[in-house]
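Close look at the chain arrangement
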Amino acid sequence: MRKIKLSAKTFNIIRVVALVVAAGVLIYASYSLTDSYLGYKEDEAKYAAINKMFEQKETGGSNAGGLSYSSKTTKWKWNYKAMRKYNNESVGYIKLDGTRIQYPIVAHNDNIFYLYHGSDKVSNNAGAIFVDYRCEGLEGEICVVYGHNMLDGSMFSDLMKYKKTKFCRNHQVFDIYIGNHHYKYYVFSSFSARKTNEHVYKFGFRKEKDFAKWIKFAKKESNFKYKHGTPTTKDKVLMLSTCADDYGTRELVCLYRGEEVVD
């Protein structure tokens, strides 16, 4: 094969062009990373501000040895009215102790809006924690709740940790606030599945036996045996869903409603 020889001038031109392209790629990548970082920090501050909406200072006192003492503590107390004022599409709140899952739950008339808008309805790539519009809401027999798996560990990223036995063992109870009520929700199953799996995503059941069949399926799929047992068809079930990869795999955590908490 005949070899093509480049002149020194041509070689230098090619080298300069390559350097310019490389520099452009580097600048764009740096800009994207900086923009993403700033976006993450902005989201973090936004949700911290929402959390402060529910912090109430309480003053306590005691009398010992003739001396009086007073102290102030901060208590987190759900306020549905305040949440609805912040966003009239708010339907509840979800918390999992020891994780970053502490967010409002919102609902829209499609599954697109809150993929790209935060819980304040402002455009945001992190989206929000939202209910599938095809469900009957948080009071339905089964309700699917979505959240992004963000690289900074926010939103529903912590659901990915349910792949690990130790995390499953230590995180079996969620606090879910619905309307003016506070409930304990117990995890009974966690597993990975394809989004196209017709046995997984359900938005209601025509017959009670179909619901029972789904509960049995979800329980069987679980990668961990949870201590709070299995729900019945009389229980309210939540299925939390987040993307595990870019190829259609989802990480799912299934909960059922337990007792109501009087705060």
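Reference entry: report on the structure contained in this document. Counting from 1, residues in each chain are numbered in the order their sequence is written. The predicted nature of this model means local features are confined to residues of pLDDT at least 70 and side-chain atom pairs, given and counted, to a pLDDT of 80 or more, with totals for whole chains, interfaces and linings taken over all residues. Side-chain calculation: all heavy atoms of the structure are included, whereas hydrogens and water are not.

Some details on the pattern of salt bridges
A pair can form between side chains of opposite charge whenever their charged atoms are brought close. Operational definition: A pairing counts as a salt bridge when a side-chain nitrogen of Lys or Arg comes within 4 Å of a carboxyl oxygen of Asp or Glu. Under the DSSP-based scheme used, a helix requires at least four consecutive residues in state H or I and a strand at least two consecutive residues in state E, with every element numbered from the N terminus. Only protein chains enter the accessibility calculation, which uses a 1.4 Å probe; a residue is then buried when its area is under 20% of its type maximum, exposed when over 50%, and partly exposed in between.
Following the criterion strictly, the structure yields 8 salt bridges and no others. Between Asp-120 and Lys-46 there is a salt bridge, and its shortest N-O distance comes to 2.9 Å. Residue Asp-120 is located in the loop between strand E4 (102-107) and strand E5 (129-131), and its partner Lys-46 is located in helix H1 (residues 8-52); the two are separated by 74 residues in the primary sequence. Relative accessible area serves as the criterion here: at 16%, Lys-46 is assigned to the buried category. Close ionic contact of Arg-100 with Asp-152 constitutes a salt bridge, the shortest N to O distance being 3.9 Å. Note that Arg-100 is positioned in the loop between strand E3 (90-95) and E4 and Asp-152 in the loop between strand E6 (142-146) and helix H3 (165-170), a separation of 52 residues in sequence. Judged by its relative accessible area of 35%, Arg-100 falls in the partly exposed class. Residue Asp-152 is classed as partly exposed on the basis of its relative accessible area of 22%.

Brief notes about the packing of aromatic side chains
Selection rule: The aromatic pairing rule takes the rings of Phe, Tyr and Trp, using the six-membered ring of Trp, and pairs them if the centres are within 6.5 Å, calling planes under 30 degrees apart stacked, those over 60 edge-to-face and the rest tilted. For a lysine, the NZ atom is tested; for an arginine, the CZ atom; a charge sits over a ring if that atom is within 6 Å of the ring centre and within 35 degrees of the ring normal.
The full count for this structure, using the stated rule, is 20 aromatic pairs. Judged by centre distance (5.1 Å) and plane angle (55 degrees), the rings of Trp-76 and Tyr-177 are tilted. Taken together, the residues span a long stretch of sequence, with Trp-76 in strand E2 (residues 67-76) and Tyr-177 in strand E7 (residues 173-178) at a distance of 101 residues. Judged by its relative accessible area of 4%, Tyr-177 is buried. When the ring of Tyr-186 is compared with that of Tyr-256, the centres are 5.9 Å apart and the planes differ by 50 degrees; the resulting orientation is tilted. Linking Tyr-186 in strand E8 (residues 181-194) with Tyr-256 in strand E10 (residues 249-261), this pair joins segments that are 70 residues apart in sequence. Pairwise contacts between aromatic rings join Phe-54, Trp-76, Trp-78, Tyr-80, Tyr-93 and Tyr-177 into one cluster. Directly above the aromatic system of Trp-76 lies the positively charged group of Lys-95, at a separation of 3.9 Å from the ring centroid. Positioned above the aromatic ring of Tyr-183, the side-chain terminus of Arg-257 is 4.0 Å from the ring centre.

As for the pairing of E7
As a reminder of what qualifies: Two strands are said to pair when DSSP picks up at least two bridges between them.
Counting buried positions along E7 yields 5 of 6 residues, so the element is predominantly enclosed. Alignment of E7 against E8, held across 6 bridges, turns out to be antiparallel. Looking at the pairing, Val-173 lines up with Tyr-186 of E8. Between E7 and E8, which follow one another and run antiparallel, lie 2 residues, and Gly-179 among them has a positive phi close to 60 degrees.

A short note on the environment of Leu-138
Rule in force here: We call two residues contacting when some pair of their heavy atoms lies within 4.5 Å.
Assignment of secondary structure puts Leu-138 in the loop between E5 and E6. Placed 31 residues apart in sequence, Leu-138 and Ala-107 show a C-alpha to C-alpha distance of 9.9 Å. If we ignore the near neighbours within four places in the chain, the residues touching Leu-138 are Val-91, Gly-92, Ile-105, Val-131, Cys-143, Val-145, Ile-178, Tyr-185, Leu-238 and Arg-257.

Considerations on the environment of Trp-78
Here is the rule: Here a polar contact is taken to be a pair of N or O atoms separated by no more than 3.5 Å, where protein atoms must pair a possible hydrogen donor with a possible acceptor and residues adjacent in sequence count only if both atoms sit in side chains.
Take Trp-78: it is sitting in the loop between E2 and helix H2 (80-86). Accessibility expressed as a relative area gives 10% for Trp-78, which makes it buried. Put simply, Trp-78 and Gly-92 are 14 residues apart on the chain and 9.4 Å apart in space, counted from C-alpha to C-alpha. When residues no more than four places from it in sequence are discounted, the contact partners of Trp-78 are Phe-54, Met-83, Gly-92, Tyr-93, Tyr-177, Gly-179, Asn-180 and His-181. Polar contacts involving the side chain of Trp-78 include one to the main-chain carbonyl oxygen of Gly-179, which spans 2.7 Å.

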